[in-house]
Number of protein chains: 4
Amino acid sequence: MSDLERVGVSLDKALLGQFDELIAGQGYMNRSEAVRDLIRDRLSAKQLGDPAADAVAGIFLVYDHHSTTLTNKLLHLQHDHVLDIVASIHLHLDHHNCLEIIIVKGKVKKIQALADKMGSLKGVKLSKTNMISIT
Amino acid sequence: MSDLERVGVSLDKALLGQFDELIAGQGYMNRSEAVRDLIRDRLSAKQLGDPAADAVAGIFLVYDHHSTTLTNKLLHLQHDHVLDIVASIHLHLDHHNCLEIIIVKGKVKKIQALADKMGSLKGVKLSKTNMISIT
Amino acid sequence: MSDLERVGVSLDKALLGQFDELIAGQGYMNRSEAVRDLIRDRLSAKQLGDPAADAVAGIFLVYDHHSTTLTNKLLHLQHDHVLDIVASIHLHLDHHNCLEIIIVKGKVKKIQALADKMGSLKGVKLSKTNMISIT
Amino acid sequence: MSDLERVGVSLDKALLGQFDELIAGQGYMNRSEAVRDLIRDRLSAKQLGDPAADAVAGIFLVYDHHSTTLTNKLLHLQHDHVLDIVASIHLHLDHHNCLEIIIVKGKVKKIQALADKMGSLKGVKLSKTNMISIT
């Protein structure tokens, strides 16, 4: 159970109207929830600017599954890096393309280095990493 | 088997030196591979600017697993949206926080709308969507 | 004189502590100001997702000032586009490089098209556009 | 006069076709120029990840020009920071809003700190910084 505090924020009526419209469109039931999310989002983004911060990430790799040696190389990379590899998920997108999502925990800098290594492997066509910092 | 074409690119030696250093640090074995990835990356980013483009995405949600009704709401949202929900993966981050990654295929605009709805649910603390367009 | 409304937001004490630390580091004197800025920032970002929205932008171009015909081409582009070119500023960065900032007002889509055209001119080494939507 | 080197890149015909279409739409006259820009863009982005790298930036501030003390505070901040303030430009957007663009040179980290301070001043409604690293 968390310890709540009530904070008052003064807002221009026009600005408030636009904000209410935005968050209603997204599905928020009340402003407090939306403001909390804005704050958490900003804190997470700020944390990710620090290479030494802890983060959890999904490394998305799109590759041609006919690259037979790629899977081995990806596995080796996962074992070589001192990161907590939490899980991975493999999806068939179409006849040629697979999407592999490798979920890792660790320092921002180390996650980025692993993602760079994986993305640069021959056969990997696209890579994009989603990082979140939970403080 | 794909049909390759060889393209010549003229580059300033200083610029080439910096590029070689960058891609060696990332792990690339040759320049062609690195240039191809730059091109694919740009094409994917361009595509994602079009709300009607096809994409695959992972919607990352961090939530307190004590929010008992949240799981049901997330399931309802997945069934209500005409998107191809491919898979989902659930991870325990710490005592309070779970990470749920919901993988969807569909139009950019619809994925964004679903992600907004999920992110705005009470109990969801952080949400961040990773979208990729495979042309 | 604007019409203010006071809104109450419930926040977890731990989250509030982190937020207070973040905004104190940035120089905010009070939370209301920081929350208003978060909201305006989000609204502006949302608006920029709409190609038809009004925006103001600075198109930053780094180019070698020895490219003698480039300045003419840039001027022609400014005259060819039905955008409100507000001003431009030219800076000497070093012996080779100039930075030109062209400030324009118009629809998001038209600004992007003009920025693409300018960035693709021979001699322009780097281009990066900063867009803001003021609602 | 720069020292050019010709590099060969092997590309899938389908990928090449998409790339040609993309760059023609942006206005490029040839592929070399487009590939060079992709490379410079990536190098600049990589550099900006280093807080100690040199950069040039435009700090965009939207503020209500009825905030009479703001201009003074902005000037003080410019003098207090050991950054090379190159120029500034001031535009009237509408009856209430001004856009001030302050162009600075310095280390990424210091530019960010100055931008944070300016953005957090009372009266500044929106701030967004455009940073470029020229290596």
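I will try to describe carefully the structure that is included in this document. Counting restarts for each chain: residues are numbered from 1 in the order of the written sequence. For naming, the first written chain is A and the first written ligand is 1, with later ones following in the order written. Local features in this predicted model are restricted to residues of pLDDT 70 or higher, and side-chain atom pairs are both shown and tallied only at a pLDDT of 80 or more, whereas totals for entire chains, interfaces and linings draw on every residue. Remark: hydrogens and water are excluded; side-chain values derive from all non-hydrogen atoms of the structure.

## Describing the relation of the copies chain A and chain B
Here is step 1: C-alpha atoms of residues with pLDDT of at least 70 in both copies form the basis for the least-squares superposition of the copies. Between chain A and chain B, which share one sequence, the superposing operator has a rotation angle of 180° and an axial displacement of 0.0 Å; the RMSD is 0.0 Å. Such values leave the two copies arranged in the relation of a two-fold axis. Taking C-alpha positions as reference, the residue of chain A nearest the rotation axis is asparagine 130 of chain A, located at 2.9 Å.
Here is step 2: Comparing interface residues between copies, 100% of those in chain A also sit at the interface in chain B, which points to an isologous, same-surface contact. In this analysis, two residues are considered to be in contact whenever any of their non-hydrogen atoms come within 4.5 Å of each other.

## Focus: the relation of the copies chain D and chain B
Here is step 1: For the match of chain D to chain B, the screw axis carries a shift of 0.0 Å, the RMSD comes to 0.0 Å, and the turn is 180°.
Here is step 2: Comparing interface residues between copies, 100% of those in chain D also sit at the interface in chain B, which points to an isologous, same-surface contact.

## Comments concerning the environment of glutamine 47 of chain C
All names here are of chain C.
Here is step 1: Helical segments are the DSSP runs of H or I of at least four residues, strand segments are the runs of E of at least two, and each set is numbered from the N terminus. Inspection of the secondary structure assignment puts glutamine 47 in helix α2 (residues 31–48).
Here is step 2: A sequence separation of 87 residues divides glutamine 47 from isoleucine 134, and the C-alpha atoms of the two residues are 8.6 Å apart.
Here is step 3: Ignoring sequence-local partners within four residues, the contact set of glutamine 47 consists of Ala53, Ser133 and Thr135.

## Digging into the environment of alanine 45 of chain D
Here is step 1: Here alanine 45 of chain D lies in helix α2 (residues 31–48).
Here is step 2: Sequence separation between alanine 45 of chain D and methionine 131 of chain D is 86 residues; the distance between their C-alpha atoms is 9.2 Å.

## Digging into helix α3 (residues 70–80) of chain B
Residues and elements named next belong to chain B.
Here is step 1: Categorising residues by exposure relies on relative accessible area from a 1.4 Å probe, with only protein chains included: less than 20% of the type maximum marks a residue as buried, more than 50% marks it as exposed, and the intermediate range marks it as partly exposed. Among all positions in α3, only Leu70, Leu74, Leu77 and Gln78 are buried. Buried residues of α3, viewed axially, fall in a sector of 100°; they line one side. Away from its buried face by more than 90 degrees, α3 exposes His76, His79 and Asp80.
Here is step 2: The elements touched by buried residues of α3 are β2 (54–64), β3 (84–92), β4 (97–107), α4 (108–119) and β5 (124–132). Think of the arc as the fan of directions from the helix axis to the C-beta atoms.

## Remarks on the sheet that holds strand β2 (residues 54–64) of chain C
All names here are of chain C.
Here is step 1: Strand pairing is defined by DSSP finding a minimum of two bridges between the two strands. The antiparallel open sheet is built from 4 strands, whose spatial order is β3-β4-β2-β5. The outermost strands of the open sheet, each flanked by one partner alone, are β3 (84–92) and β5 (124–132). Mean inter-strand twist for the sheet, computed between neighbouring axes without regard to direction, equals 15°.
Here is step 2: Sheet topology places β2 next to β5; 8 bridges connect them, and they run antiparallel. Along β5, the bridge assignment pairs isoleucine 59 with threonine 129. Angles run from 0 to 180 degrees between N-to-C directions of axes, and those axes are lines fitted to C-alpha atoms, restricted for helices to the stretch in contact.

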